[in-house]
Amino acid sequence: MTEEKTVNVLLGDDNVFKDLGFEAEEAMNLKVRADLMLDLRSYIQERGWTQNEAAEFLGETQPRISNLMNGEISRFSVDKLINLLGKVGMEVKVEVVPKV
């Protein structure tokens, strides 16, 4: 005989870090960094680069690229990620909108 289990699903915010309980300002910073990291990671993967190839192109070490590829968000600032994206020829645009 199988047990019936119910699952409660809650609709989250557009920022998972806010849902996880981070203060609004920190959650916003984390989301920006995560989005930039994902864009850079996708760029590297689309080119089929190894971590060593990406490190050489970006002027970084392989362990640093490993941090990026593993999503170690605390190791990267917004500035650093924007600089790395610039090195691969990507442009970052920032949009500021009032809170609703």
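Computed from a predicted structure; not experimentally measured.

## Brief notes about helix α4 (residues 62–69)
Then, number 1: All buried positions along α4 are accounted for by Ile 65, Ser 66, Asn 67, Leu 68 and Met 69.
Then, number 2: Those residues of α4 that are buried lie in contact with α2 (24–47), α3 (51–58) and α5 (78–87).
Then, number 3: Taken from the residues just after α4, Gly 71 is the one with a positive phi, measuring 70 degrees.

## A closer look at the environment of Leu 38
Then, number 1: Tracing the chain through its elements places Leu 38 in helix α2.
Then, number 2: Leu 38 sits 31 residues away from Met 69 along the chain, and the two C-alpha atoms are 8.5 Å apart.

## Description of the layout of surface pockets
Then, number 1: Looking at the largest pocket, its volume works out to about 780 Å³.
Then, number 2: Along the wall of the largest pocket there are 22 residues; nearest its centre are Met 28, Lys 31, Val 32, Glu 95 and Val 97.
Then, number 3: Sorting the residues of the lining of the largest pocket by element identifies α2 and α5 as the ones contributing at least two each.
Then, number 4: Per-element accounting of the lining of the largest pocket gives the leading share, eight residues, to α2.

## Focus on the packing of α3 against α4
Then, number 1: Across the interface, α3 lies against α4 with an axial gap of 8 Å and an inter-helix angle of 110 degrees. Viewed along their axes, α3 and α4 adopt a mutual orientation that is roughly perpendicular. When α3 is examined against α4, the residues Gln 51, Asn 52, Ala 54, Ala 55 and Leu 58 are found in contact with a partner set consisting of Gln 62, Ile 65, Ser 66 and Met 69.
Then, number 2: In terms of residue class, the contact of α3 with α4 is built from five nonpolar, four polar and no charged.

## With respect to the environment of Lys 80
Then, number 1: Following the sequence through the fold, Lys 80 ends up in helix α5.
Then, number 2: Sequence separation between Lys 80 and Leu 36 is 44 residues, and the spatial gap between their C-alpha atoms is 9.9 Å.
Then, number 3: The residues touching Lys 80, leaving out its near neighbours within four places in the chain, are Glu 60 and Arg 64.

## With respect to the environment of Met 37
Then, number 1: Note on placement: Met 37 falls in helix α2.
Then, number 2: A relative accessible area of 5% places Met 37 in the buried class.
Then, number 3: When residues no more than four places from it in sequence are discounted, the contact partners of Met 37 are Asn 67, Leu 68, Gly 71, Glu 72, Ile 73, Phe 76 and Leu 81.

Cut-offs and rules
- Residues numbered from 1 in each chain as written.
- Predicted model: local features only at pLDDT ≥ 70, side-chain atom pairs only at ≥ 80, totals over all residues.
- Heavy atoms only, no water.
- Buried < 20%, exposed > 50% of the residue type's maximum accessible area, 1.4 Å probe, protein only.
- Helix = DSSP H or I, 4+ residues; strand = E, 2+ residues; numbered from the N terminus.
- Contact = heavy atoms within 4.5 Å.
- 1 Å grid on protein atoms, 1.4 Å probe; cavity = no way out; pocket = protein on both sides within 12 Å on 5 of 7 lines; lining within 4 Å.
- Points joined across faces, edges and corners; volume = space filled by probe spheres on them.
- Axes fitted to C-alpha atoms, helices over the stretch in contact; angles between N-to-C directions.
- Parallel < 35°, antiparallel > 145°, perpendicular 65-115°, else oblique.
- Nonpolar A, V, L, I, M, F, W, Y, C, P; charged D, E, K, R; others polar.

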